[in-house]
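# Chains, contacts and geometry: an overview
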Amino acid sequence: MKILTVVGARPQFIKAAVLSREISKHENISEVIIHTGQHFDKNMSDIFFEEMEIPKPDYNLEVNSLSHGAMTGRMLEKIENAIIKEKPNLVVVYGDTNSTLAGALTAKKLNIKVAHIEAGLRSFNMEMPEEINRVLTDRISDFLFCPTETSVKNLLNEGFNSSNANMHNVGDIMLDSALFYSKISSKKSKIIQNLDLCDFALCTIHREENTDNPERLASIINALNNINNHCKVIVPLHPRTKKKINNIKVKPIFKIIEPVGYFDIIEMLKHCKIVLTDSGGLQKEAYFFGKPCITLRKETEWIELVEKGFNKLAGHDSQTILSSFNELLKKNMDFNIKLYGDGKTGERIINILIEH
Ligand code: UD1
Ligand code: UDP
C-alpha cells in the first residue's frame, strides 16, 4: 500500500508524526509526504520535522500567505501533479486547514481514496474557514477517523450512516503524540530553566476571528495584561498575530516569545498553572497535562471538555476572561477520565487501513 500524506500547518505535523512512525513499522506500506508550504517559518515547520523525527517531505509546494481561495486553488493544482506522478492507493489528510481540503478534493477528483483524521468535529459556525474545510472534507472522505463520541454523533446527524463512508471512533491522535513525546521532552527542552518559569499562564492566540478584529484582539490583550499582574503570562506568538498586535491601541505587558517547538510547549504545559487559548489542539493538551483551560472563542469542537468543566468558553470579552480565570483556578478538577481514547489511535488507524 502506498499512502500519500498531505500536511501544511503546524498541528498537522504533530499529528502526522504519529502515523508516519506507525507506517514505518510495516514493510509493505510506504509513505510519500507532501508539505503544501502553508506554514514555512523554521519554528512553525522545520523544527517539528527535526524534533519529532518526521521523514523529510518528498514535496514542498511552497504555497502560503494567500487568501483562502488563492491558497486552496494553487494547492489543488500542485497536489494534483504530485498525485498523478506518485499514484498512491490512499491520501491521508488531517484536521481542518486549507491544506486539508486541498488534499482531499484533489485526491477525490482523481478517484483516489481519502482518509480524514479528525473527522466529524463541528463548531457549527460556518463563518469559520476551518468549519467549511471540515464539512467539505468529511463529505468526500472514504475513511472518517473520528476522535470522539461527539464527532461520531455529528456525522450521524448529517446522515453519514447511510453513505458508503467507513466511520470509526479511533480516539485522538494528539494523545498518542503527547504521551510519546512527553517521555523525552524534559531532557530535550530547557525552556523552563532558561525563562525561569514558575506558576505561569500559558497563552496562544491565532484564530482569524480574534486576530483580524482589532477590538477583539485589544480586549483579549487587555485581559492578559490584567492577569499578568497576578500571574505571569507567557505567549509564544503565532506569526499571524505578530503581524496584527502592533496595530492595536493597547500594548502587551506580558512576555511574548517566538513560537516554540513541541518539546518546549509540552514542558510549558507540564509546568503552567492554566492555559488560555483559541487553539484547537492546545485545549486538549491542557487537559492531557491536567491543566484548566480558558478558550478564547464562543464555541469549541471539543465540547466534552466544557461539559466536564475542564474548559470554559470565554470568547474575547475582557471581563469574562478575567472571571473565568478566577473561577477555574479555584476549582478542584479530577482529570482521571478518558475522553480521547488510549493513546493508540495511530496503530488503530493503520490496522483499519490494512483490513480494507
Ligand atoms: C492555519 C489554519 C488554522 C490552524 C492554524 C494552525 C486555515 C484556514 N487555517 O491558520 O485552521 O489552526 O493554521 O496554526 O488553513 N505565517 C507566517 N509564517 C508561517 C505561517 C504563517 O508568517 O510559518 C503568516 C502567513 O504569511 C499569513 C498568516 O501567518 O499571513 C496566516 O497564515 P495561514 O496559514 O493563512 O493561516 P493560520 O492563521 O496559520
Ligand atoms: N504548539 C507548538 N508551539 C507553539 C504553539 C503551539 O508546538 O508555540 C503546538 C500545540 O502544542 C499543539 C499545536 O501546536 O500541539 C496546535 O497548533 P495550533 O494552535 O497552531 O493549531 P490548531 O490546533 O488551533 O489548529
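Everything discussed here concerns the structure shown above.
The subject of this paragraph is the packing of helix α3 (residues 68-86) against helix α4 (residues 98-109). Between two packed helices, the angle of one axis relative to the other and the distance separating the axes together describe the packing. As a packed pair, α3 and α4 sit with axes 8 Å apart at the nearest point and diverge in direction by 45°. The angle between the axes of α3 and α4 places the two elements in the oblique class. Handedness of the α3/α4 crossing: right-handed. From α3, His 68, Met 71, Thr 72, Met 75, Leu 76, Ile 79, Glu 80 and Ile 83 reach across to α4, where they touch Asn 98, Ser 99, Leu 101, Ala 102, Gly 103, Leu 105, Thr 106 and Ala 107. By residue class, the composition of the contact of α3 with α4 is nine nonpolar, six polar and one charged.

Here strand β1 (residues 2-7) runs beside strand β2 (residues 30-35); their pairing, made up of six bridges, is parallel. Residue pairing in the sheet places Ile 3 in a bridge with Glu 31 of β2. Running through helix α1 (residues 10-23), the crossover from β1 to the neighbouring parallel element β2 is right-handed. The handedness of the β2 to strand β3 (residues 59-60) crossover, carried by helix α2 (residues 46-51), is right-handed.

On the secondary structure map, Ser 65 appears in the loop between β3 and α3. Exposure remark for Ser 65: the relative accessible area of 51% places this residue in the exposed category. For the pair Ser 65 and His 39, spaced 26 residues apart in sequence, the C-alpha separation works out to 8.6 Å. Ignoring anything within four residues of it in the chain, the contact list for Ser 65 reads Phe 40 and Met 71.

A few words on the site of ligand 2. In the vicinity of ligand 2 lie 18 residues, with Val 260, Ser 279, Gly 280, Gly 281 and Glu 285 positioned nearest. The side chain of Arg 207 places a nitrogen or oxygen atom 2.8 Å from an oxygen atom of ligand 2. Between an oxygen atom of ligand 2 and a side-chain N or O atom of Ser 279, the distance comes to 2.7 Å. Compared with its free state, where it exposes 530 Å², ligand 2 has 96% of that area covered by protein. Looking at the shell around ligand 2, the elements that each hand over two or more residues are α1, α13 (262-271) and α14 (280-288). Top contributing element to the shell around ligand 2 by residue count: α14, with four residues. Taken together, the residues of the shell around ligand 2 sort by class into 10 nonpolar, five polar and three charged.

Time to look at the side chain of Thr 72. For Thr 72, the location among the structural elements is in helix α3. Taking the relative accessible area as the measure of exposure, Thr 72 reaches 13% and is therefore buried.

What follows concerns the pairing of strand β4 (residues 90-94). Of all five residues that make up β4, five are buried, and the element is covered over most of its length. Where β1 and β4 come together, four bridges link them in parallel fashion. When the sheet's bridge partners are listed, Val 6 is paired in β4 with Val 93. Note that β4 and strand β5 (residues 113-117) share five bridges and pair parallel. Residue pairing in the sheet places Leu 90 in a bridge with Lys 113 of β5. You can see the chain leave β4, run along α4 and come back into β5, and the turn it takes is right-handed.

Parameters at a glance
- Residues numbered from 1 in each chain as written.
- Chains lettered and ligands numbered in written order.
- Predicted model: local features only at pLDDT ≥ 70, side-chain atom pairs only at ≥ 80, totals over all residues.
- Heavy atoms only, no water.
- Axes fitted to C-alpha atoms, helices over the stretch in contact; angles between N-to-C directions.
- Helix = DSSP H or I, 4+ residues; strand = E, 2+ residues; numbered from the N terminus.
- Parallel < 35°, antiparallel > 145°, perpendicular 65-115°, else oblique.
- Left-handed = near helix turned anticlockwise from the far one by under 90°.
- Contact = heavy atoms within 4.5 Å.
- Nonpolar A, V, L, I, M, F, W, Y, C, P; charged D, E, K, R; others polar.
- Pairing = 2+ DSSP bridges.
- Right-handed = clockwise from strand over helix to strand, strands pointing away.
- Buried < 20%, exposed > 50% of the residue type's maximum accessible area, 1.4 Å probe, protein only.
- Near = heavy atom within 4 Å.
- Polar contact = N/O pair within 3.5 Å; in protein donor to acceptor, adjacent residues only side chain to side chain.
- Areas by Shrake-Rupley, 256 points an atom, 1.4 Å probe, with all protein chains shown as cover.

From the geometry alone we can't say anything about function, so treat these as descriptive.
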